[in-house]
Amino acid sequence: MGHRVRKAVFPVGGLGTRFLPATKSMPKEMLTVVDKPLIQYAVEEAAAAGCEHFIFVTARGKGALEDHFDAAPELERQLEEKHKDEALDAVRKYLPKTGQISYTRQTNPIGLGHAVWCARHLVGDEPFAVLLPDDMILADVPCLAQMAEVYAKTGGHLVASENVPREHTSRYGILDVETDDGTLAKAKGLVEKPKPEVAPSTLSIIGRYILDPVVFQPLDKQMRGAGNEIQLTDALAATLDRVPFHGLRFVGKRYDCGDKVGFLEANVAFALKRPEMAAQVRAAIGALLA
Ligand code: UTP
């Protein structure tokens, strides 16, 4: 079975209210972990998994995201003249080629399902990835690449999953598990943000998806769900009788960068993985805690 994933959707239309005032005039996805914005990590992860077309679902005030993925001729010329090769590399290396990025707008942030639906014409009729940039995953093999390999066998819908403490189920989409081999779980149902006492399991959906385009059919109906938002989880649940749904326990550590503490933790964790600064960071943290 061939289920190659060529397109990646980045829903970046949210308000980022949990990060105000930082996100008043700057998109949440431009928040920096060490020296790169969240969105760059996500785009690099998609590219590493073989994606060739990057679809941003943006909104008003998100222009900085587009500029980050454009050439910067003046800056590049100055860096060239000053022979700042490393800096030049840093501003050029990650740029997808012209025509590989498309932008569409979500005019009203009424939910993740709605944001994904806004990309329907750019996705067309093929499997596609969705990456939420505020979920960052530190892993030897990037999370989406782990998923793409499994997806070649499963098809249908595949999401990244991890077990969360039961008291946190109301923050996530949760799987109602049919079978589970400890790595890959097949779901027979899905619930968005269930209260702990009614959650069918503690296996959660985190911000990486590979989806069959059948998901656009329920999204066309624009039904509101939890929090009065158009929920992606509800649309996935509505197609469980059409395509298989699996959750993959990826190998790696996830950081919730939509949350202040998670974001700070990610900064430290990613800095400690950088050979050129790890020792200094370790020493600085040690001194702070002493
Ligand atoms: P979040 O639930 O983290 O919402 O969305 P948010 O608005 O970004 O942040 P808070 O909760 O107000 O602080 C998860 C992802 O879905 C996108 C967000 O941009 C983020 O990447 N999203 C959410 C949209 O693109 N559109 C929406 O209507 C909702």
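Residues numbered from 1 in each chain as written. Predicted model: local features only at pLDDT ≥ 70, side-chain atom pairs only at ≥ 80, totals over all residues. Heavy atoms only, no water.

Peer 1: Just checking my understanding: could you explain helix α10 (residues 260-272) for this structure?
Peer 2: The α-helix winds at 3.6 residues per turn, so residues separated by three or four positions along the chain end up facing the same way. Over its 13 residues, α10 runs 19 Å from end to end, which matches the ideal 18 Å to within 8%, given 1.5 Å per residue. Those residues of α10 that are buried are in contact with β2 (32-33), α1 (38-48), β7 (135-138), β13 (253-256) and α11 (278-289). The backbone nitrogen of Val 261 has a side-chain oxygen 3.2 Å away, supplied by the residue at the start of α10, namely Asp 259. (Helix = DSSP H or I, 4+ residues; strand = E, 2+ residues; numbered from the N terminus. Expected span 1.5 Å × (residues − 1). Contact = heavy atoms within 4.5 Å. Polar contact = N/O pair within 3.5 Å; in protein donor to acceptor, adjacent residues only side chain to side chain.)

Peer 1: I tried to follow the pairing of β7 on my own but got confused; where do I start?
Peer 2: Look at any regular strand and the pattern is simple: side chains alternate between the two faces of the sheet. Of the two faces of β7, the one lined by Asp 135 and Ile 137 and the one lined by Met 136 and Leu 138 are each fully buried. The pairing of β7 with β13 spans 4 bridges and is antiparallel. Among the inter-strand pairings, Leu 138 is bridged to a residue of β13, identified as Lys 253. (Buried < 20%, exposed > 50% of the residue type's maximum accessible area, 1.4 Å probe, protein only. Pairing = 2+ DSSP bridges.)

Peer 1: Whenever I open this one, the site of the ligand confuses me. Can you help?
Peer 2: Around the ligand there are 18 residues in total, and Thr 17, Arg 18, Lys 28, Gln 106 and Gly 111 lie nearest to it. A distance of 2.8 Å separates an oxygen atom of the ligand from a polar backbone atom of Gly 13. Between Thr 17 and the ligand, the recorded distance is 2.5 Å, taken from a side-chain N or O atom to an oxygen atom. Compared with its free state, where it exposes 570 Å², the ligand has 82% of that area covered by protein. Of the residues contributing to the shell around the ligand, the split by class is 8 nonpolar, 6 polar and 4 charged. (Near = heavy atom within 4 Å. Areas by Shrake-Rupley, 256 points an atom, 1.4 Å probe, with all protein chains shown as cover. Nonpolar A, V, L, I, M, F, W, Y, C, P; charged D, E, K, R; others polar.)

Peer 1: Any chance you could explain the packing of α10 against α11 here in plain terms?
Peer 2: A pair of packed helices can be characterised by two numbers: the angle between their axes and the separation between those axes. Two elements in contact, α10 and α11, have axes separated by 8 Å at closest approach and are oriented at 135 degrees. Of the possible angle classes, the one that applies to α10 and α11 is oblique. Within the contact between the two elements, α10 uses Val 268, Ala 271 and Leu 272 and α11 uses Ala 278, Val 281, Arg 282 and Ile 285. Within the contact of α10 with α11, the residues separate by chemical class into 6 nonpolar, no polar and 1 charged. (Axes fitted to C-alpha atoms, helices over the stretch in contact; angles between N-to-C directions. Parallel < 35°, antiparallel > 145°, perpendicular 65-115°, else oblique.)

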